[in-house]
Amino acid sequence: MRVERKAAAVGLLLCAAAAAACRQEMYNQPRYKPLGRSDFFADNRQARPPVEGTVARGMLRADSRLYTGKEGNALVSVFPLPVTRALLDRGRQRYNIYCAPCHDRTGAGNGMVVQRGYRQPPSLHIDRLREQPVGHFFDVITNGLGAMPDYAAQIPVEDRWAIVAYVRALQLSQGARVGDVPPESRGELDRAKPTGEPSPASPEYPTLYKSAPIRGSGAGSVPGAQLDPGAPAGGVKAKPPK
Amino acid sequence: MQIFHRSTNTISRVSLFGAVFFIALLGWVFDSLQRSSYNTQQNVAREQPVQFSHAHHVGAIGIDCRYCHTSVEKAAFAGIPPTKTCMNCHSQIWAQSPYLEPVRESYRTDRSIEWTRVHDLPDFVYFDHSIHVNKGVGCETCHGRVDQMPLMWQASRLQMSWCLDCHRNTEKYLRPKDQVFTMGYVPAGDQLELGRKLQKEYGIRKVTVLESCSTCHR
């Protein structure tokens, strides 16, 4: 009797242990996950690069104007896709994410990262860059140039063209005069007079017509520049596990 | 023969009665433990191979989440930036700093930096960033004030009840889409009113769908 009980107790314990182990199995299933670690492959990456020369369906990239911004060796000067309001809006959003840290939101070249010591890029509003064909901007984003890193891995092709379109719009706006604003929209200029600092948190840059500053004078209104650099650097709130 | 003293009657009654409370107390302790950060790892900052600070990069410099977490709008997985992304800036800034040696080494040798996971749902749960981000759920709602974190920690419990609390009351949390990446967002008017409007605008499905087991366990 005694022995049987003991055996039952041990058996139960074993079952419980096995069940607990199962739980862990289901929590961490032995399958490959994004960016997971593998001990099988030499580079320890679960993600495998496609075999060289692989072309996914529909990704042949035959249109060199769209994918390289060049035709033969010449940079294209016409957009290889229709420029719409939606493309410009997308471009503004993407420009503010990927380019504004260095070029700032007006394109003057005073972004936060430059203020922390990165090489200052030229203003996008100098004559040399105004006269460059659109293919040049696409090429700079895709391959980088000098101190400017390339963004091919972070920005898909269509978004790169959207950014180029927005850069063109920025260039237009920074050189604009009141006379360039359609008469029916001029009222907005007065309404949009800067009333205070634009909120640094707001992802929207004031619309093209809003500030229309004189060429190259936009740096003062860089939204990112108003952030207090030292503010949130305070101590660790939670303790790291020992 | 009387073995037990008379007082044991009272004792046994009290202990029978007390047992109910004791069990309830035990249940309460167990429940709080199971929700506590001891179990969920909530608010516990993790050591990382590089002292990467969101407070510096997001809070002080103001870089957008999508600069680094590039797939968060398009895929289930938000994405952790490759070493190349760090080198965009750190080829020049803090280029000699010993803090960044692991990053430079990774860039030289083409070996990945191995970050420690902070958020980790069990593998039997399906979670997708893109639908949340595209339907107006802010990063801050789930991840807290990332712009104030010198090291990353998990700001929410990430338990099933936590997911369900929102799936049953989405109007309490929805934001306009252009505020999804904003930290420190404050709704302009009444949140419930705004939330109901956004529910319609974004076509949020019925609670019965959102709390159905097969939405998250598939």
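Preceding this section is the structure that the text describes.
Residues numbered from 1 in each chain as written. Chains lettered and ligands numbered in written order. Predicted model: local features only at pLDDT ≥ 70, side-chain atom pairs only at ≥ 80, totals over all residues. Heavy atoms only, no water.

*Asks:* Looking at this structure, how should I read the overall build of chain B?
*Replies:* Looking only at helices and strands, chain B has 12 helices and 0 strands in total. Moving toward the C terminus, one meets the helices and strands of chain B in the order α-α-α-α-α-α-α-α-α-α-α-α. For chain B, whose C-alpha radius of gyration is 25 Å, the value lies well above the compact-globule estimate of 17 Å for 218 residues. For chain B, the spread of C-alpha atoms along the three principal axes comes to 95 × 50 × 35 Å. Relative to its 218 residues, chain B shows a buried fraction of 40%. The contacts in chain B between residues at least 6 apart in sequence include a share of 68% that link residues at least 24 apart. As displayed, chain B has an accessible area near 13,300 Å², and 62% of this comes from carbon and sulfur atoms. (Helix = DSSP H or I, 4+ residues; strand = E, 2+ residues; numbered from the N terminus. Rg over C-alpha atoms; globule rule 2.2 N^0.38 Å. Buried < 20%, exposed > 50% of the residue type's maximum accessible area, 1.4 Å probe, protein only. Contact = heavy atoms within 4.5 Å. Areas by Shrake-Rupley, 256 points an atom, 1.4 Å probe, with all protein chains shown as cover.)

*Asks:* Teacher, can you tell me more about the interface of chain B and chain A here?
*Replies:* Many descriptions give the size of an interface as the accessible area lost when the pieces come together. Taken together, the contact pairs 40 residues of chain B with 43 residues of chain A. Carbon and sulfur atoms supply 55% of the area buried between chain B and chain A, which totals about 3,600 Å² over both sides. It is Tyr67, Gln92 and Asp123 of chain B in chain B that bury the most area against chain A; as a group they hold 17% of the surface buried on that side. Applying the counting rule to chain B against chain A returns 5 salt bridges. Between arginine 94 of chain A and glutamate 73 of chain B there is a salt bridge, and its shortest N-O distance comes to 3.0 Å. Where chain B meets chain A, there are 16 residue pairs in polar contact (both at pLDDT 80 or more). For the side of chain B that touches chain A, the secondary structure elements donating two or more residues are helix H3 (54-60), helix H4 (65-68) and helix H5 (83-90) of chain B. For the side of chain B that touches chain A, a count of residues per class yields 14 nonpolar, 12 polar and 14 charged. (Buried area = accessible area lost by both parts, 1.4 Å probe. Salt bridge = Lys/Arg side-chain N within 4 Å of Asp/Glu carboxyl O. Polar contact = N/O pair within 3.5 Å; in protein donor to acceptor, adjacent residues only side chain to side chain. Nonpolar A, V, L, I, M, F, W, Y, C, P; charged D, E, K, R; others polar.)

*Asks:* Mind showing me how you'd approach the environment of aspartate 64 of chain B here?
*Replies:* Relative to the elements of secondary structure, aspartate 64 of chain B occurs in the loop between H3 and H4. With 89 residues separating them along the chain, aspartate 64 of chain B and tryptophan 153 of chain B place their C-alpha atoms 19 Å apart. Not counting residues within four places of it along the chain, the set of residues in contact with aspartate 64 of chain B comprises Ile97 of chain A together with Phe181 of chain B. At a separation of 2.9 Å, a polar atom in the side chain of aspartate 64 of chain B contacts the main-chain amide nitrogen of arginine 66 of chain B.

*Asks:* Where do I start with unusual backbone geometry in this structure?
*Replies:* Across residues other than glycine, the phi torsion is negative in most instances, and most of the peptide bonds are trans. Positive phi, close to 60 degrees, is recorded for asparagine 44 of chain A, a residue that is not glycine. Residue placement: asparagine 44 of chain A occurs in the loop between helix H1 (2-27) and helix H2 (64-68). Its identity as a non-glycine residue notwithstanding, aspartate 110 of chain B has a phi of 60 degrees, on the positive side. Within the element layout of this structure, aspartate 110 of chain B appears in the loop between helix H6 (101-109) and helix H7 (129-134). Residue aspartate 110 of chain B is classed as exposed on the basis of its relative accessible area of 54%.

*Asks:* I would appreciate a short explanation of H5 of chain B in the present structure.
*Replies:* Quick reminder: α-helices carry 3.6 residues per turn. Residues three or four places apart thus point the same way. Buried residues dominate H5 of chain B, accounting for 7 of its 8 residues. Every buried residue belonging to H5 of chain B is among Thr83, Thr85, Cys86, Met87, Asn88, Cys89 and His90 of chain B, and all of these are buried. In this fold, the buried residues of H5 of chain B make contact with helix H5 (112-115) of chain A together with H3, H4 and H6 of chain B.

*Asks:* Whenever I open this one, the nonpolar core confuses me. Can you help?
*Replies:* In a soluble, globular protein the nonpolar side chains are often hidden away together inside. Of all hydrophobic cores here, the largest spans 36 residues; its most connected members are Tyr95, Tyr98, Val113, Trp161, Ile163 and Val164 of chain A. Among the elements of the structure, H2, helix H3 (85-98), H5, helix H7 (134-143) and helix H8 (157-174) of chain A are those that each provide at least two residues to this core. The element contributing the most residues to this core is H8 of chain A, with 9 residues. Excluding anything up to four places from it in sequence, isoleucine 163 of chain A contacts Gly91, Arg94, Tyr95, Cys99, Ile141 and Ile155 of chain A. Judged by nonpolar contacts, the second largest core, of 15 residues, contains Cys65, Val72, Val118 and Val133 of chain B. (Core = buried A, V, L, I, M, F, W, Y, C linked by side-chain atoms within 4.5 Å.)

*Asks:* What is the right way to read the side chain of aspartate 123 of chain B from this model?
*Replies:* Structurally, aspartate 123 of chain B is set in the loop between H6 and H7. At a separation of 2.9 Å, a polar atom in the side chain of aspartate 123 of chain B contacts the side chain of lysine 33 of chain A. Those residues in contact with aspartate 123 of chain B that sit more than four places away from it in its chain are Met26, Tyr27, Asn28, Gln29, Arg31 and Lys33 of chain A.

*Asks:* Explain the packing of H3 of chain A against H8 of chain A to me, please; I cannot follow it from the model alone.
*Replies:* Any two packed helices are characterised by how steeply their axes cross, that is the angle between the axes, and by the distance between the axes. Residues and elements named next belong to chain A. For the pair H3 and H8, interaxial distance at closest approach is 7 Å and the crossing angle is 90 degrees. With respect to each other, H3 and H8 are oriented roughly perpendicular. Contacts from Leu87, Leu88, Arg90, Gly91, Arg92, Arg94 and Tyr95 of H3 reach H8 at Asp159, Trp161, Ala162, Ile163, Ala165, Tyr166, Val167, Ala169 and Leu170. Residues belonging to the contact of H3 with H8 are distributed by class as follows: 11 nonpolar, 1 polar and 4 charged. (Axes fitted to C-alpha atoms, helices over the stretch in contact; angles between N-to-C directions. Parallel < 35°, antiparallel > 145°, perpendicular 65-115°, else oblique.)

*Asks:* Would you mind showing me how to read the state of the cysteines here?
*Replies:* Inspection of every chain in the model, using the stated rule, returns 0 disulfides over all chains. Cysteine 139 of chain B supplies the cysteine sulfur nearest to cysteine 65 of chain B, a cysteine that is in no disulfide, at a spacing of 4.2 Å. (Disulfide = S-S within 2.5 Å.)

*Asks:* So what exactly am I meant to see when it comes to the environment of glutamate 131 of chain A here?
*Replies:* Residues and elements named next belong to chain A. Mapped onto the secondary structure, glutamate 131 falls in helix H6 (residues 127-131). Judged by relative accessible area, glutamate 131 falls into the exposed class, the value being 64%. As for glutamate 131 and serine 173, which are separated by 42 residues in sequence, their C-alpha atoms are 15 Å apart.

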